[in-house]
Structure formats: structure tokens, C-alpha cells
Amino acid sequence: MTTELLALGSAAAAAALLAPRAWRRAQLSLAKQPGLAGHSRIALRLARWLPGYDLDESRFFGADDAPEALQQRRRAGLARLATGFKSRHPRTLELTQAARQLVSDLQFTGRYRVPFPFSRYLREQFGVGAFLEQADGNQVQDLDGQRFWDLTGSYGVNVFGHGFYQRTMTEGARRALPLGVVLGSYHPAVLDVAQRLTRLSGQDEVSFHMSGTEAVMQAVRLARYHSGRKKIVRFCGAYHGWWGEVQPGPGNPLPAEHTYTLRDMDERSLGVLRSRNDIACVLVNPLQALHPNRPAPGDSALLGSRVIAPVDLDAYGRWLRRLREVCSERGIALIFDEVFVGFRLAPGGAQQLFGVNADLVTYGKTLGGGLPVGVVCGKSAWMRRFRDDKPADICFARGTFNAHPQVICAMQAFLEALESPAIQAIYEGQAKRWDERAARFNQALQQAGHPVQVRHLQSIWTLAFPTPGRYHWMLQFYLREQGLLLSWVGSGRIVFSLDVSEADMDEVLRRLLAACAQMRADGWWDGAPSSKQLKRQLLMETWRAWRQA
Ligand SMILES: Cc1ncc(COP(=O)(O)O)c(C=O)c1O
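The following refers to the structure shown.

Remarks on the site of the ligand
Next, step 1: Near the ligand, the surroundings consist of Ser211, Gly212, Thr213, Tyr239, His240, Gly241, Asn285, Asp337, Val339, Phe340 and Lys365.
Next, step 2: Gly212 is positioned with one of its backbone polar atoms (N or O) 2.9 Å from an oxygen atom of the ligand.
Next, step 3: Between the ligand and the protein, one listed contact pairs a nitrogen atom with a side-chain N or O atom of Asp337 at 2.6 Å.
Next, step 4: Out of a free accessible area of 390 Å², the ligand has 82% covered by protein chains.
Next, step 5: A breakdown of the residues in the shell around the ligand according to their chemical character gives three nonpolar, six polar and two charged.

The structure is reproduced here in C-alpha cells:
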């Protein structure tokens, strides 16, 4: 084996001498994260090949070859959950059912709450309400008056609590209504907002867009325009919106021709940046500090364990500084995609937290003060959309609703509030506060003997399941039963608003522990297979489905 490796090593060295292109190609391959997340083309092909199959009643409860008595406990647990949901949320479920056929998104999210083999049977047993009618404090209420603690964070938008956004939205409407829907000409608040944003981001200029996805599209387009290069580097697992070029792999019907997906926090990726001349920009989503090289941990992909190491912020900060150096050396635009973490980790977002100044920064979500928005802030040299010496060579970017008066005014109200002493006080010492909270949760979970841990990047949490098991995703329904609301991706993404009190956290912990205790009592964690058995079970299921297909 050693001799073979040596032979391979010298072959690589020979290739380096003889064929720099081949060497660069090999270097690129080595900088890819092993596994499907790092190889989007293969993942795309596999996704097209993977046969669908459903576990019927007889296999649903015994997918892990559990004995009959244990299956009966699980069956009874599921029946109890179903009865409870139906009796507590009748109106909400009725409306959800009526909307399902008409709203494509609802069909999609309803299907992908859990791993697909379990999805059909589960949907036949119970539905999950998609409607809410009121939000106050950290709670939301459905059409049946049932209240939930909101752990969804509204996909990350909710940084300061629902009441805060109700105020900024109202204030935005009040300031903007006299102008109505005049577009093209600006509401006077635009200047104030631009001044505040450039100050906060440490950048020179601002452009307004309608969503985070569009902000990312524009940042990448600018990077290509100014560098004259085509390729984008993104890091394995990072989400940057649903635009095709930043979403290679399953989800996008076309392979992304000009996107390199490289290993996060890895010297080999810096090697690629140093050696290639075709890279326009590097996109960084600092949320990846929570789970480098992995996609957002959704429950539909929770086939076995979910192991996530505690965050190492120092290491991630060092990595960003190295990236900054290499991008500067190579004339590559460093884009921080702060659509999720901006204004959450610190007033100045990840740039401030890690002490790194990017060339272009994208924001969205919370910045709209509750309304939809995307913003790019950047250095003048990267933001400019024309060339004095070549007037026909422009970088076009428009959008009918860009800088909509009501959005701009809600954003202004958001940015004004951000500077208030009350909000500034919320940021004070928050890193330590969230560390202590997560430690408290982990201690309680461990003491109770539940196979669950929390991992966190400040207020952004994820539940980890260190031991293998085929039913960890069931926890999302036990959490719902306890009045803890998650988004459709489930237990992998819990997002707190920064205004939660210690008493709120205690209540959430109490309910989490109750959910885990009930899940355990109903037998979903009993008789868990070893990871070897689990892999075998999955392989056998797929094989059977493939043969039947
Ligand atoms: C880091 C990041 N970039 C971009 C986007 C896309 O933003 P939007 O959903 O507003 O298009 C998201 C959305 O979750 C995001 O988290």
C-alpha cells in the first residue's frame, strides 16, 4: 500500500512538472470535501437515481428491526400525538388541508419534514398546521387559540422579538404612506439609511434589492464584472439563497458550471485560490462556523445520528483572516454573506465579531425591519456599475421594488432602534450569555440521560443526536406537542430572538425535557441500532426499492 502511495505521489509530482493544468485540476479535486456535500455533480446524479419508497404501517414502527412490543409502544405514542393534534388544532388543520392543493410550497414543506421513507405514512396519520394568526412577545398563536414558543426565528429575521418588528413595520408604513408606491424616485429616508449602513458595515456604498438571494446575485455579478473572471468559490454546505449558481447539487436542475465548492477551514482551499486565475469571488456564510462543511442540519436528512462538534470561534476567525489575506493577494473579491448572521452576532455582524473587513457584504432578513429586503454594501471599487473609459461596458442591476418606500422606512426604523441604548444593551456580553445558556441545556439533557445535545453559534442553535437512531426526527412532533414551534426543517435549526429572558429559556428547557421524556417513554430511542446495522438497514431498503422500481 505504501509503495502504491509513493508511486501515486511521484506520479502527481511528475504531473505537476509536465502538466500544470492537470496539477491544478488535481489540486481542485483535493480541495473538495469528501462525500456528497462536497461533490455536487455526483450528488445531483445520485438524487436522480435514488428510488423513492415508503415504509408502510408494518415497517414504519420497526424500521430498526425493533421487537413487536416496542413497535406497539411507538404505535400508541403516534396515535396519541395524532389525537392531540387533531383535537387541539382543528381549524388550523382544516385550513392547511384546504390550502395544500393550491400552494406548491406547502406540498413541498409538508413532504420534507422527515426522511422521505417515513413521510407518507406519517402524513396519513396527522397533519401539521401551517397557519398562525397572532404573534406577541416570543409566542405565536394559531387559529385555534393554541400558543407556541416561537423557535423558528422566522428563518432568522426575528432578532429582537415580534413586538419590535410590529413597531418597525408600523412606523415604516406611517413614514412611507404619504409617498405611497412611487418607485424610481427615492423616499428621503434612503440617504439616512445609506449613511447608517455604510457606517455600520465599514463599507463605502450601498445597493438595495428585494431579497437575500438577489443581494448575493448582485455581489457575485459585481465581482465578475470587476475581476473579469467567471468562477465563484463557495464553501461546502453553505447556503447563499436559491439562485442556481450558488446552489449546485440537488435542488437545482442544472449543474452550476462556474462554481467551485471547496472545503471550509482548509489550507487546500487556500492553495486553489492562490494557484488559479479564474476565480472572481469567494462567498462566505459565517453561519457555517456552527457546522463547517455541512449543510443546514434538516430533519429530512436525519437518517442516523447528527454529530456536531462545539463551535470553535477562534479557529473560524483565524480562517477568515487567512482568507482575507489570500483574496487580497489574488485580487479575488471576498464576499461575506451576512443575510442570516448580520445584526445578530453583533451590530456590525460577522465582520465585527471576527474583525475581518470584506470587499462586499450582503444583508437581508432582519434589516428590512420585518419587510422583505436584500442589501449589498461594498467598497467603491467593487460596487461601481460602469467604466468611464468604456461607457457601453456596464454591470446592470435593477429591480422594480428596490428601495420601496415602505421597506426603506421600516429599515430606517430598524437602524434607528439598533442604535438605542436598550438594543445596544442586548448585545452586551451576549456571547457569554448564550454559552452559559447552551451549557445549562446540555447539562440538564445529560442529567436526564436523553440522547440529545445542543450546539450553538450564540442565538442560533441546533439539536445534535450523537448516537445512531432511525427516529430522532420524531422529536420535532414531541416538541410541537409541548408547544415549541420549529420551522419545517425541524430540530436542526432553532433560532432565538436576542430579547429572550432567563425565565423564557427556563420554560423552553422545561418543555424540551418534557418532549424528550415523552419521546423516550414512547420507545423511539429504545433498541437503537449500531451505526453499522443502521447503514445495512438503509442499504437493504434502497436496494429493495431499486429492484422494485
Ligand atoms: C446566508 C444566506 N444568504 C442568502 C439567503 C437568501 O435570502 P432570501 O431567502 O431572502 O432570498 C439566505 C436565506 O436563508 C441566507 O441564509
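Considering the packing of aromatic side chains
Next, step 1: Using the criterion set out here, one finds 30 aromatic pairs in the structure.
Next, step 2: Residues Phe60 and Phe61 carry aromatic rings whose centres are separated by 5.0 Å and whose planes lie at 70 degrees to one another, so their mutual orientation is edge-to-face.
Next, step 3: Relative to Tyr427, the ring of Phe160 lies with its centre 6.0 Å away and its plane at 90 degrees, an arrangement referred to as edge-to-face. Taken together, the positions of Phe160 in the loop between β3 (147–150) and α9 (162–176) and Tyr427 in helix α17 (residues 421–427) put the pair 267 residues apart, joining distant regions of the chain.

Some thoughts on the sheet that holds strand β9 (residues 360–364)
Next, step 1: Spatially, the seven strands line up as an open sheet ordered β4-β10-β9-β8-β7-β5-β6, and their pairing is mixed. The strands lining the two open edges of the sheet, one partner per strand, are β4 (205–209) and β6 (259–262). Within the sheet, the average angular offset between the axes of one strand and its neighbour, ignoring direction, is 20 degrees.
Next, step 2: Relative to strand β7 (residues 279–284), strand β5 (residues 231–235) runs parallel, the two sharing four bridges. Paired with Ile232 across the two strands is Cys281, which belongs to β7.

Let's talk about the pattern of salt bridges
Next, step 1: Within the structure shown, the criterion is met by 34 salt bridges.
Next, step 2: One salt bridge connects Asp54 with Arg120, and the closest N-O pair in it is separated by 2.9 Å. With Asp54 in the loop between α3 (40–49) and α4 (57–60) and Arg120 in helix α8 (residues 116–125), this pair connects stretches of sequence that are 66 residues apart.
Next, step 3: Taking relative accessible area as the criterion, Asp54 reaches 42% and is therefore assigned partly exposed.

With respect to the pairing of β7
Next, step 1: Burial of β7 is extensive: six of the six residues sit out of reach of the surface.
Next, step 2: Taken together, β7, helix α13 (residues 313–330) and strand β8 (residues 333–337) constitute a β-α-β crossover, and its handedness is right-handed.

Rules used throughout
- Residues numbered from 1 in each chain as written.
- Predicted model: local features only at pLDDT ≥ 70, side-chain atom pairs only at ≥ 80, totals over all residues.
- Heavy atoms only, no water.
- Near = heavy atom within 4 Å.
- Polar contact = N/O pair within 3.5 Å; in protein donor to acceptor, adjacent residues only side chain to side chain.
- Areas by Shrake-Rupley, 256 points an atom, 1.4 Å probe, with all protein chains shown as cover.
- Nonpolar A, V, L, I, M, F, W, Y, C, P; charged D, E, K, R; others polar.
- Phe/Tyr/Trp six-rings, centres within 6.5 Å; stacked < 30°, edge-to-face > 60°.
- Helix = DSSP H or I, 4+ residues; strand = E, 2+ residues; numbered from the N terminus.
- Pairing = 2+ DSSP bridges.
- Axes fitted to C-alpha atoms, helices over the stretch in contact; angles between N-to-C directions.
- Salt bridge = Lys/Arg side-chain N within 4 Å of Asp/Glu carboxyl O.
- Buried < 20%, exposed > 50% of the residue type's maximum accessible area, 1.4 Å probe, protein only.
- Right-handed = clockwise from strand over helix to strand, strands pointing away.

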